[in-house]
Amino acid sequence: MDQDQQWLINCLNASLDPNHQIRTFAETSLQQASVQPGYGVALASVAANRELPFGLRQLAAVLLKQYIRKHWNEDEEGFEHPVVPSNEKASVRQLLLASLDDPYKKICTAVSVAVSTIAQYDWPDDWPDLVPFLLSLINDQSKLNAVHGALRCLALLTSDMDDRMAPKIVPVLFPSLHMIVSSPQIYDNFLRFKAVSIVYNCTSMVGVMSGVYKTETSALMLPMLQPWMEQFSLILKNPVPTEDPDNWSIRMEVLKCLNQFIQSFPAIVENYFEVIVGPLWQTFVSSLEVYERSSIQGIEDSHDGRYDSDGAEKSLESFVIQLFEFLLTVIGSPRFIKVVMNNVKELLYYTIGFLQITEQQVHTWSLDANQFVADEDDNTYSCRASGALLLEEIITSCGMEGIDAVIDSVRRRIRESQQAKETGSPGWWRLREATLFALASVSEQLLQAEVSGPSVRDMLEQILTDDMATGVHEYPFLYARLFSAVAKFSSLMNNQVTDHFLYTAMKTVGMDVPPPAKVGACRALSQLLPDATSGIIQLHGLDLFSALIDLLKNASDETMHLVLETLQAAIKAGHEISASIEPVISPILLNMWASHVSDPFISIDALEVLEAIKNAPGCIHPLVSRILPFIGPILSNPQQQPDGLVAGSLDLVAMLVKNAPIDVVKAVHQVSFDPVVRVVLQSNDHSEMQNATQCLAALVSGGKQDMLAWCGDPGFTMTSLLDVASRLLDPDLESSASLFVGSYILQLILHLPSQMAQHIRDLVTALVRRMQSSQISGLKSSLLLIFARLVHMSVPHVEQFIDLLVSIPAEDHRNAFAYVMFEWTRLQGEVQGAYQIKVTTTALALLLLTRHVELGIVNVQGHLMKSDSGITTRSRAKIIPDQWTVMPLPAKILGILADSLLEIQEQVEGGNEDSDWEEVQNGDGGEDDDFLYSADAASHSRPTYEYLDAMAKAFNEDDEDDYEDELLSSVDPLNEIKLVNYLTESLAKFSENDGPFFEHLFQSLTKPQQNAIKLVLRR
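Remember, predicted model here, so these are calculated numbers, not experimental data.

(A) Geometry of the overall build of the chain. Along the backbone of the chain there are 53 helices and two strands. Computed over its C-alpha atoms, the radius of gyration of the chain comes to 34 Å, within 12% of the 31 Å expected for a compact globule of 1019 residues. Projected onto its principal axes, the C-alpha positions of the chain cover 90 × 80 × 80 Å. Among the 1019 residues that make up the chain, the fraction classed as buried is 54%. Considering only residue pairs separated by 6 or more positions, the chain has 75% of its internal contacts joining residues 24 or more positions apart. Of the roughly 44,400 Å² of accessible surface on the chain, a fraction of 50% belongs to carbon and sulfur atoms.

What follows is the structure in structure tokens.
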């Protein structure tokens, strides 16, 4: 060992010293040494030296990985000079490969990560012998440590390879992996699991490639799928063992591979699928037995929260979730669902068994109501959520057969739980609760299938009659599920049943019962109160409010959200009662809002409840008189307030003004106008500026022309409003601060048109400059809406507005018109909201109809040019950015108008169901499969007025206005435009007035776009 290496070992030892001074000095020394020649080789030598202590070697391996990321490749983000010389790189690579058979698994893992990191830069060009060497290791059965290291390395390598390497590595790698997986007598489950995970990585990459190279990838996988399918069937055919996470892990990886096979190569897999059906069913059924003992009853270890040395989860639940995910893929594929159809009732029957509450959940949820609420709302990753998704998919794919199977399976499980109850089995309620959970999870589909209504209603009413007599203290989770089931199916039940449950839920909220029962009662109230009869509210409303207020005082986190949601529903249903409780509940809510103002979820919930109070009969004036004295000092002294209070107060002011009578708007204006203007002009807090902008927009919308005189000097008020616009349109201001300036300026244009008319040129100039400096596409889109509204306001002299834009310069563009149209046509597809789409689309039609000479001069972005370099990886995207065609502005506008018609027509037709793209490519469809060009559509040579009316309704119903949209759409007469009729009339006028030019543009459209225009013009 030379002197330098001894120095490094001493430094590494010192960096582990408990003495802070010694440790800091050593770390500084290592940092300085990292820029010296030979540092990387020295670290690799220490990591590879098996005579040194394990901790020292592991530290060297970790530091080496960091060194590689910083100094190996000059093009890498985070690179620091100097770059490692080529001769040192070769030495490091050699030392690392020699360490892959290290007996210490953690050393082996660290080395594998270092190898795979280097491989990202060097393989295959500068490291061609890497894969052959790794293959030689995994083919040597006498050195299992080396097999272990090589598999770890290949797992990392294949998880990040690109489409150039996959075709080269798969044919040589798969046979060796198959040998490992098929030899359980030689290789343990972990090594076999690693081998299958590499198969999955490779198959995933080849699957991505199949979108571009379908023929080549099919040819690559065809000879390999059959032996793997047969091997996978052998792994799945034996019953799932208990307390064996390694076995669960390899099965889970097999299911991931099968999932990928089906998704990427369904036509090939279909020929071999029968071989795994039986083993798959054996795994499914036997895993329920293990799950019941391990997770539901808690008798055996389910290994929840356990991970292997690579960070992969080893729990029984993660395996079951993967099983459900695979079954979801099978059932969602028209090719494979026929295999399931014969046993769909049994599949549903066993699935309900998996939905039972586990022993761990009972323990956790009983102690923590917040966790119960959170887990009930979290439908992302749990056995119950995955099982519920499977039930939904079965009904979606199987239709009435699926519904009948669900009802049949539910009846069987109900009978079983009843028998268990009668025999005194303590777990009978779990199966009953799981059955109700299953039923509720598909409630929407069952309710849509009216034929199942009476059957479901009778079954539910029988269950409710039986189970409501059981003790809420003994079975709180069953009670919670009973409440939610009634709420889900309330439309099926007679009023007596729902009223009885509503009354029971109202009582339960105020009783001393376990938290889960109260959670269930609150959920039921949230859904039942909106449709409740006034009688029951009048009788018991005050008691309910009292109970909810008590809950609110002791609630936290998730439960607070639920109580606020319930309170909001109670206030909306309470009508006249709300006025009597406003003095009690408003101060509590305001204090809660203020104390949680920095928590966006709770503060928004509290604000929504306050808004419900504001909208209740007789409540707005007392509520406003209560809030304004509290809000005024906050807005007048914004610098002295806690974080978030100013921004939150501005939200509160905007809520008060929304849809308020003029006297309320005036009262709010007198307290808040000057402070809100100052916030915009002086604050640097983006949240405050955004909320202040929305607040001013609401004040302008509510106050209109009257607002100018409220301060005594209309000129001063108008100047203040224009100063705000000027600040928000400052091109040097960060885009985030200006996010809502579009809505604000539109309010000025709509409500103060005569005052704004004299500033239009300055406004347009500022809008162009703000757009050019904006980094947020949403801001650009909102500013485009202003241009669109100005186009409409210039009718019948739209060409004059074009002349105005042409006369204004724009950096890097011919003029402002050229720039605005470039951005407008590029971003039109990102415009959101029915009102916004309506205004911008019709404005484009107006511009096209002018036939202004400038339209023929401007070119805009056309279509994305297809790359011929295969899959676009991140590295390629950096080197070869997207390339677009260029097209004339009139052709682009006509294409946008046609696309608008297409989208609306698709809504009328119900849209196309998602289908596996490969199945279409396999010959099940063709280029004219578009619904407009189907035989059905073609048979209707003339669209009826009813059809056009249906298109208009589909467009309007698709919109879900938020507050900002509501401010705009409720006052703008343009919102009354019927978009389909407007476009039809505009296109007809264009084709009649300038037929040759229209025909020329028409020929540049795609076939679907042409068909959309033909349909409305009846060509």
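(B) Looking closely at the packing of aromatic side chains. Evaluated as defined, the whole model comprises 26 aromatic pairs. Geometrically, the ring pair formed by F284 and F324 is edge-to-face, given 6.4 Å between the ring centres and 75° between the ring planes. Pair noted here: F284 is in helix α14 (residues 274-296) and F324 is in helix α15 (residues 316-332), with a separation of 40 residues, a long-range link. Taken together, a centroid distance of 5.1 Å and an interplanar angle of 70° make the contact between W428 and Y475 edge-to-face. Within this pair, whereas W428 is found in helix α22 (residues 428-441), its partner Y475 is found in the loop between α24 (453-467) and α25 (476-488), the two being separated by 47 residues in sequence. Looking at W428, the relative accessible area reads 4%, which means it is buried. Among the aromatic residues, those joined into a ring-pair cluster are W281, F284, Y291, F324, Y349, Y350 and F354. In this arrangement the basic side chain of R412 is found over the ring face of Y349, its NZ or CZ atom lying 3.8 Å from the centre. Across from the ring centre of F997, 4.0 Å away, lies the NZ or CZ of R851, which sits over that ring.

(C) Helix α18 (residues 359-367), seen in detail. For α18, the full list of buried residues reads Q361, V362 and W365. Considered in projection along α18, the buried side chains sweep an arc of 100° and stay on one side of the axis. The inward-facing, buried residues of α18 abut α19 (369-377), α20 (383-398), α22, α25 and α27 (515-528).

(D) Layout of the nonpolar core. Core analysis: the biggest nonpolar cluster contains 338 residues, and L721, Y744, F787, W824 and I1013 have the highest contact counts within it. Per-element tally for this core: the top contributor is helix α10 (residues 189-209), with eleven residues. Those residues in contact with Y744 that lie beyond four places of it in its chain are T693, L696, A697, L721, V724, A725 and L728.

(E) Representation of the packing of helix α17 (residues 344-354) against helix α21 (residues 400-422) within the structure. Where α17 contacts α21, the two axes come as close as 9 Å, and the packing angle between them is 50°. With respect to each other, α17 and α21 are oriented oblique. Note on packing geometry: the crossing formed by α17 with α21 is right-handed. For the pair α17 and α21, the contacting residues are V344, K345, E346, L348, Y349, Y350, I352 and G353 in the first and G402, A405, V406, D408, S409, V410, R412, R413 and E416 in the second. Across the contact of α17 with α21, the residue classes tally to eight nonpolar, three polar and six charged.

(F) Representation of helix α44 (residues 834-850) within the structure. Taking 1.5 Å per residue as the helical rise, α44 with its 17 residues ought to reach 24 Å, and the 25 Å between its terminal C-alpha atoms agrees with that figure. The element α44 is largely enclosed, with a buried count of 14 among its 17 residues. After α44 finishes, the residue R851 shows a positive phi value of roughly 55°.

(G) Layout of the pattern of salt bridges. Within this structure, the stated rule accounts for 27 salt bridges. Where K780 meets E823, a salt bridge forms, and the shortest distance between an N and an O atom there is 3.2 Å. With a gap of 43 residues between them, K780 in helix α41 (residues 777-793) and E823 in helix α43 (residues 816-827) connect regions that are remote in the sequence. Judged by relative accessible area, which is 11%, K780 ranks as buried. On the accessibility criterion, E823 (6% relative accessible area) is buried. A salt bridge links E823 to R826; the shortest N-O distance between them is 2.6 Å. Of this pair, E823 and R826 both sit in helix α43, three residues apart, roughly one helical turn.

(H) Region of interest: the packing of α41 against helix α42 (residues 798-806). The contact between α41 and α42 brings their axes to 8 Å, and the two run at 135°. Regarding the angle of α41 to α42, the classification is oblique. Here F787, L790 and V791 of α41 come into contact with α42, specifically with V798, F801 and L805. Its residues assigned to classes, the contact of α41 with α42 shows six nonpolar, no polar and no charged.

The rules we used
- Residues numbered from 1 in each chain as written.
- Predicted model: local features only at pLDDT ≥ 70, side-chain atom pairs only at ≥ 80, totals over all residues.
- Heavy atoms only, no water.
- Helix = DSSP H or I, 4+ residues; strand = E, 2+ residues; numbered from the N terminus.
- Rg over C-alpha atoms; globule rule 2.2 N^0.38 Å.
- Buried < 20%, exposed > 50% of the residue type's maximum accessible area, 1.4 Å probe, protein only.
- Contact = heavy atoms within 4.5 Å.
- Areas by Shrake-Rupley, 256 points an atom, 1.4 Å probe, with all protein chains shown as cover.
- Phe/Tyr/Trp six-rings, centres within 6.5 Å; stacked < 30°, edge-to-face > 60°.
- Lys NZ or Arg CZ within 6 Å of the ring centre and 35° of its normal.
- Arc of directions from axis to C-beta.
- Core = buried A, V, L, I, M, F, W, Y, C linked by side-chain atoms within 4.5 Å.
- Axes fitted to C-alpha atoms, helices over the stretch in contact; angles between N-to-C directions.
- Parallel < 35°, antiparallel > 145°, perpendicular 65-115°, else oblique.
- Left-handed = near helix turned anticlockwise from the far one by under 90°.
- Nonpolar A, V, L, I, M, F, W, Y, C, P; charged D, E, K, R; others polar.
- Expected span 1.5 Å × (residues − 1).
- Salt bridge = Lys/Arg side-chain N within 4 Å of Asp/Glu carboxyl O.

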